[in-house]
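Chain by chain, the residues:
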Amino acid sequence: MAKKWYVLHTYSGYENKVKKNLESRIETMGLENNVFAIEIPTETVTEIKDGGRRVESEKKVFPGYVLVRMELDDRSWAAVRNTPGVTGFVGSQGSPEPLTRDEYNKIMKRASHEAPRKTATNLEVGQSVKVISGPLADFDGVVSEVSPETNKVKVLVSILGRETPVELSFDMVARI
């Protein structure tokens, strides 16, 4: 039997509890030679709060899912499947499908500390904002585009009576 990574579906918000339950279940049932690792991939996200304040937090990459590296047999399948909080394995026709090496690497790369950090913002297209820093400080405008991957927002600012698109970083604007 080969050790492979499987994806468990859990109740959202119960991922850490499932990991803890699974670890104690593995120990009490003597499955240390069948279940080898349990991962809950997370990433660091920077949120821009009102006033440009940056707050970093850990967010789950896939809420409601847990990765388990195991040798799948009837005993290990039943133990994992019947762990409180687990709703099932991800797979087709109810049978667990292991992740390919590529799929696993992509998931873990996103969760690694070398991955580019994400920025979350509460800015939305069509929202009125005030520019709070830079050469256009104190100008009001309307958000026309939000680009979380580059931490930029495009704002239509009225300069000399004309709507002018200006690209600004998230921390340069605040919601009105």
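Here's what I pulled together on the structure shown here. (Residues numbered from 1 in each chain as written. Predicted model: local features only at pLDDT ≥ 70, side-chain atom pairs only at ≥ 80, totals over all residues. Heavy atoms only, no water.)

### Side note on a nonpolar patch on the surface
Taken together, the side chains of Phe62, Tyr65 and Val90 present a nonpolar region at the surface, about 230 Å² in accessible area. Here valine 90 shows up in the loop between strand 6 (86–89) and helix 3 (101–111). Exposure remark for valine 90: the relative accessible area of 37% places this residue in the partly exposed category. (Patch = residues over 30% accessible without salt bridge, like charges linked within 9 Å, V, L, I, M, F, W, Y side chains within 5 Å. Areas by Shrake-Rupley, 256 points an atom, 1.4 Å probe, with all protein chains shown as cover. Salt bridge = Lys/Arg side-chain N within 4 Å of Asp/Glu carboxyl O. Helix = DSSP H or I, 4+ residues; strand = E, 2+ residues; numbered from the N terminus. Buried < 20%, exposed > 50% of the residue type's maximum accessible area, 1.4 Å probe, protein only.)

### Focus on the packing of aromatic side chains
Scanning the model with the defined rule gives three aromatic pairs in all. Judged by centre distance (4.6 Å) and plane angle (15°), the ring pair of tryptophan 5 and tyrosine 104 falls under stacked. You can see tryptophan 5 sitting in strand 1 (residues 4–10) and its partner tyrosine 104 sitting in helix 3, a full 99 residues away along the chain. A single burial state applies to tryptophan 5 and to tyrosine 104, both of which are buried. Centre to centre, the rings of tyrosine 11 and tyrosine 14 are 6.0 Å apart; their planes meet at 70°, and the pair counts as edge-to-face. Classification of tyrosine 11 as partly exposed rests on a relative accessible area of 48%. Above the ring of phenylalanine 36, the side-chain terminus of lysine 3 is found at 4.7 Å from the ring centroid. (Phe/Tyr/Trp six-rings, centres within 6.5 Å; stacked < 30°, edge-to-face > 60°. Lys NZ or Arg CZ within 6 Å of the ring centre and 35° of its normal.)

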